[in-house]
Amino acid sequence: MVSDGETVVDVPTKLSARARVFATGQGRKTDPVDARSVAVVALRTEGLRQVVTDDTTVALRLLVDRRDQLGRARTDVVSRLHHLLLELVPGGAKKDLSAQQARALLGTVRPRDVVGKTRRRLASELIGELVVIDKKIKTAKQELTDLVNSTGSRLMNLTGIGPSGAARLLGDIGDIARFTSRAHFASWSGTAPIDASSGEQNRHRLQSREPAHQPRAAHHGHRSTAP
């Protein structure tokens, strides 16, 4: 909608919920009522953040999703390869295999029966697939590193955060300015401490649910929508 020239603003969920209650007298959600509540808040509330296109954020999400897909594909290939090597190599093979290690193991066996030869051929094919996937993962990691660095983010300077983790955070969070405070961000991300005190014991825990929904979006026209 932004790309088509529409003016789009973020509508906080709490504001749209209040408008829905005022309009209906109860908090039940239906698509027409929800859309109207979002539109009313968008039209009558000043200071709502205007949504702008951010190609870098979209690219980060696309690349990190691709990296995750490659990781799952690698796990699947290694699992199938490990299963075949268990049948071919005396004593089996470790689960965390590199393509080079698997090829070395496969080179130690020369089965003579049809089943063994078939297993060896399939294992060799899987090793080839693993090599290709590893190359794609290496390329994806470099692309993510370059793109994260281009944003000026220092997330990768933190211990335990690599290119994929940084890209996921930046891609999912988007414009940090949409959060009015650190507490607002903590609540959205599910990291705000919740009071779990009992009796004389004062303690807190983190939210066990997924991050809160992002604000609703509405544009100044005859329609409203939510991402």
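One structure accompanies this document, and this report is about it. A quick note: this is a predicted structure, and the numbers were derived from the prediction, not measured. (Residues numbered from 1 in each chain as written. Predicted model: local features only at pLDDT ≥ 70, side-chain atom pairs only at ≥ 80, totals over all residues. Heavy atoms only, no water.)

### Some remarks on the overall build of the protein chain
In plain terms, the rule: A run of H or I in DSSP becomes a helix once it reaches four residues, and a run of E becomes a strand once it reaches two; helices and strands are each numbered from the N terminus. Buried residues are those whose accessible area, probed at 1.4 Å on protein chains only, stays under 20% of the maximum for their type, while exposed residues exceed 50% and partly exposed ones sit between those limits. Note on contacts: a residue pair qualifies if any of its non-hydrogen atoms lie within 4.5 Å across the two residues. Method for areas: the Shrake-Rupley scheme with a 1.4 Å probe, in which residue coverage is limited to the protein chains shown.
Assigned secondary structure in the protein chain consists of seven helices and five strands. Counted from the first residue to the last, the protein chain has its helices and strands arranged as β-α-α-α-α-α-α-α-β-β-β-β. Out of the 227 residues belonging to the protein chain, those deemed buried represent 28%. A sequence separation of at least 24 residues applies to 55% of the contacts in the protein chain between residues at least 6 apart. Accessible surface for the protein chain amounts to roughly 15200 Å². Of this, 52% is attributable to carbon and sulfur atoms.

### Observations concerning helix H4 (residues 99-106)
Using the following cut-off: The arc in question is the one spanned by the directions pointing from the helix axis to the C-beta atoms.
What H4 keeps buried is the set Ala99, Ala102 and Leu106. Seen from one end, H4 has its buried residues packed into an arc of 65 degrees, which puts them on one side. Across from the buried face of H4, at angles greater than 90 degrees, the exposed residues are Gln100 and Ala104.

### A short note on the nonpolar core
Inside soluble globular proteins, nonpolar side chains tend to come together where they are buried. Where we set the bar: To define a nonpolar core, start from buried Ala, Val, Leu, Ile, Met, Phe, Trp, Tyr and Cys residues and group those joined through side-chain atoms within 4.5 Å.
Counting 21 residues, the largest nonpolar core has Leu81, Leu85 and Leu106 as its most contacted members. For this core, the secondary-structure elements that each account for two or more residues are helix H3 (55-88), H4 and helix H5 (114-150).

### What to know about the side chain of histidine 82
Following the sequence through the fold, histidine 82 ends up in helix H3. Overall, the relative accessible area of 13% leaves histidine 82 in the buried class.

### Overview of the packing of H3 against helix H6 (residues 163-173)
To be explicit about the condition: In this analysis an axis means a line fitted to C-alpha atoms, helices contributing only their contacting stretch, and an angle means the value between N-to-C directions, from 0 to 180 degrees. What sets the label is the angle itself: under 35 degrees gives roughly parallel, over 145 gives roughly antiparallel, 65 to 115 gives roughly perpendicular, and the rest give oblique. Left-handed is the label given to a crossing in which the near helix is rotated counterclockwise from the far helix by less than a right angle, and right-handed is the label when the rotation is clockwise. Three classes are used, and their members are as follows: Ala, Val, Leu, Ile, Met, Phe, Trp, Tyr, Cys and Pro are nonpolar, Asp, Glu, Lys and Arg are charged, and the others, Gly among them, are polar.
Two elements in contact, H3 and H6, have axes separated by 8 Å at closest approach and are oriented at 135 degrees. Regarding the angle of H3 to H6, the classification is oblique. When the axes of H3 and H6 are compared, the crossing they make is left-handed. Each of Thr57, Leu60, Arg61, Val64, Asp65, Arg67 and Asp68 in H3 lies in contact with H6, whose residues at this interface are Ser164, Ala167, Arg168, Leu170, Gly171 and Asp172. Here the contact of H3 with H6 is composed, by residue class, of four nonpolar, three polar and six charged.

### Section: H3
Going by this rule: A helix is expected to span 1.5 Å for every residue after the first.
In a regular helix each residue adds 1.5 Å, so 34 residues correspond to 50 Å; H3 covers 49 Å between its end C-alpha atoms and thus fits that length. Listing the buried residues of H3 in full gives Thr57, Leu60, Val64, Leu70, Gly71, Val77, Val78, Leu81, His82, Leu84, Leu85 and Leu88. Turning to H3, the residues buried within the fold contact H4, H5 and H6.

### With respect to the pattern of salt bridges
Heads up, the condition is: Any carboxyl oxygen of Asp or Glu that lies within 4 Å of a side-chain nitrogen of Lys or Arg is treated as forming a salt bridge with it.
Using the criterion set out here, one finds seven salt bridges in the structure. Of the charged contacts in the structure, one is a salt bridge between aspartate 68 and arginine 168, with a shortest N-O distance of 2.7 Å. Of the two residues, aspartate 68 is situated in helix H3 and arginine 168 in helix H6; the sequence distance between them amounts to 100 residues. The shortest N-O distance in the salt bridge between glutamate 125 and arginine 121 comes to 3.1 Å. Of this pair, glutamate 125 and arginine 121 both sit in helix H5, four residues apart, roughly one helical turn. Overlapping salt bridges, with partners in common, bring together Asp65, Asp68, Arg168 and Asp172 in one network.

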